[in-house]
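# Coordinate inspection notes
Given next are the chains, with one letter for each unit.
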Amino acid sequence: MSLANRVSVASPLISARTVEANEFPELSARFGVQGVPRIVVNERGAFVGALPEPQFVDAVLQLAVVKSEA
Amino acid sequence: MAILTDQVKRQVHARFAEQLSGPVQLTLYTRPGTGRLILPTGLGCRTCDDARQLVDDLQEAAPDLISLEVIDVSVQETDVREVPTLTLACPGESPRIRWLGFPAGYEFATVVDAVERVSSGDHGLSAATLEALGTLTEPVDVMVFATPT
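Residues numbered from 1 in each chain as written. Chains lettered and ligands numbered in written order. Predicted model: local features only at pLDDT ≥ 70, side-chain atom pairs only at ≥ 80, totals over all residues.

### Quick notes on the overall build of chain A
Along chain A, the regular secondary structure elements total three helices and three strands. In chain A, the succession of α and β elements from N to C terminus is α-β-α-β-β-α. Taken over C-alpha atoms, the radius of gyration comes to 12 Å for chain A, in line with the 11 Å a tight globule of 70 residues would show. Dimensions of chain A along its principal axes, counting C-alpha atoms only, are 30 × 30 × 20 Å. Contacts in chain A between residues far apart in sequence, at least 24 positions, make up 13% of those at least 6 positions apart. (Helix = DSSP H or I, 4+ residues; strand = E, 2+ residues; numbered from the N terminus. Rg over C-alpha atoms; globule rule 2.2 N^0.38 Å. Contact = placed C-beta atoms within 7 Å.)

See below:
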């Protein structure tokens, strides 16, 4: 099901927010949503598409590192 | 109009009876609804009534293990700005899983799944994923923009 929710269950350091894109157009515009699912990490980096578990985790961790190093 | 059909309610009840093992806390942040009227941002809430009905149905599917708190943001001070917002956690813990907006369609399935996983603690992830997550040293916020279909 939702990998974001599952990694949040596994790690107390991860929080997951699912946003209904049509219901919050201002949030969608702020984070450049043009297609779904769009995954935004630390309100900065993002990727689009439903990825398999290994690729999803890699992408999230890479974007989290970018944020912390910025 | 009912949000969940009687058949879906029975399915959720049966799943929860089999899958839930520990208590979970649902909190719904809401504002007095305005039916289907679309008002400027910050006024009313087009889907809060539907969200309330949905979480009531979820709670009634396993009343011994699911606690529900409903917070009217127009009355009670809170950091939550977007409504409806639904949060899920183990009782006494800060929620790390939330849905902004009415979780209909596919998103309803993610709510049911998350309730089961938080209750059981079974994330279902691989050992490699757990090892990778173990390298984290700082909080990570993951937002997933989705649509109901």
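Additional details are given in the paragraphs that follow.
### Examining the sheet that holds strand β2 (residues 66–72) of chain B
Spatially, eight strands are ordered β3(A)-β2(A)-β5(B)-β1(A)-β4(B)-β3(B)-β1(B)-β2(B) in an open sheet, and the strand pairing comes out mixed. Across the chains shown, the open sheet's two edge strands, defined by having one partner strand only, are β3 (45–48) of chain A together with β2 of chain B. In this sheet, adjacent strand axes meet at a mean angle of 15° when their direction is disregarded. Taken together, the four bridges between strand β2 (residues 38–41) of chain A and β3 of chain A define a ladder with antiparallel strand orientation. Considered in β3 of chain A, the bridge of valine 40 of chain A is made with alanine 46 of chain A. The strands touched by helix α2 (residues 48–61) of chain B within the sheet are β1 (24–30), β2 and β3 (85–89) of chain B, with β1 of chain B carrying the most contacts at an inclination of about 165°. In this fold helix α3 (residues 106–120) of chain B packs onto β1 (14–20) of chain A together with β1, β3, β4 (97–100) and β5 (140–146) of chain B, with an angle of close to 25° to the strand it touches most, β3 of chain B. (Pairing = 2+ DSSP bridges. Axes fitted to C-alpha atoms, helices over the stretch in contact; angles between N-to-C directions.)

### A few points about the pairing of β2 of chain A
Looking along a regular strand, one sees side chains alternate from face to face of the sheet. The side-chain alternation of β2 of chain A yields two buried faces, one formed by Arg38 and Val40 of chain A and the other by Ile39 and Val41 of chain A. Examined bridge by bridge, β2 of chain A and β5 of chain B share four bridges and lie antiparallel to one another. In the strand pairing of β5 of chain B, valine 40 of chain A is matched with methionine 143 of chain B. (Buried ≥ 20, exposed ≤ 12 C-beta atoms within 10 Å, placed from the backbone.)

### Quick word on the interface of chain A and chain B
The partner chain B presents 38 residues to the 41 residues of chain A that form the contact. Of all elements in the fold, only α1 (3–10), β1, α2 (25–30), β2 and α3 (53–69) of chain A reach the threshold of two or more residues within the side of chain A that touches chain B. Among the residues making up the side of chain A that touches chain B, the classes are represented as 23 nonpolar, ten polar and eight charged. (Nonpolar A, V, L, I, M, F, W, Y, C, P; charged D, E, K, R; others polar.)

### What to know about the environment of asparagine 42 of chain A
Residue and element names in this part refer to chain A. Structurally, the position occupied by asparagine 42 is in the loop between β2 and β3. Asparagine 42 gets classed as buried once you count the C-beta atoms within 10 Å, which come to 20. A sequence separation of 22 residues divides asparagine 42 from alanine 64, and the C-alpha atoms of the two residues are 6.7 Å apart.

### Focus: the confidence of the model for chain B
Scored by pLDDT, chain B has a mean of 93; 93% of the residues are at 70 or more. With pTM at 0.93, the complex prediction returns an ipTM value of 0.95. (pLDDT = per-residue confidence, 0-100.)

### Concerning the nonpolar core
Grouped together as the largest cluster of nonpolar side chains are 51 residues, with contacts concentrated most on Leu26, Leu58, Leu88, Val142 and Val144 of chain B. Excluding residues within four positions of it along the chain, valine 142 of chain B makes contact with Ala4, Ile14, Ser15, Ala16, Ile39, Val41 and Val60 of chain A. (Core = buried A, V, L, I, M, F, W, Y, C linked by C-beta atoms within 7 Å.)

### Here we look at α2 of chain B
All names here are of chain B. For α2, with 14 residues, the first-to-last C-alpha span of 20 Å sits near the 20 Å given by 1.5 Å per residue. When we look at burial in α2, the residues that qualify are Cys48, Ala51, Leu54, Val55, Leu58 and Ala61. One face of α2 carries all of its buried residues, which in axial projection span an arc of 145°. Against α1 (6–19), β1, β2, β3 and α3 lie the buried residues of α2. (Expected span 1.5 Å × (residues − 1). Arc of directions from axis to C-beta.)

### Remarks on the confidence of the model for chain A
Across chain A, the average pLDDT comes to 92, with 93% of residues at 70 or higher. Per-residue pLDDT, averaged within each element of chain A, yields its smallest value for α3 of chain A (87) and its largest for α1 of chain A (98).

### What to know about the packing of α1 of chain B against α2 of chain B
All names here are of chain B. Axis separation between α1 and α2 bottoms out at 9 Å; the angle between their running directions is 45°. Judged by the angle between their axes, α1 and α2 are oblique. Of the two possible hands of crossing, α1 and α2 adopt the one that is right-handed. Counted together, Lys9, Val12, His13 and Phe16 of α1 and Asp57, Leu58 and Ala61 of α2 form the full contact between these two elements. Residue composition of the contact of α1 with α2, grouped by class: four nonpolar, one polar and two charged. (Parallel < 35°, antiparallel > 145°, perpendicular 65-115°, else oblique. Left-handed = near helix turned anticlockwise from the far one by under 90°.)

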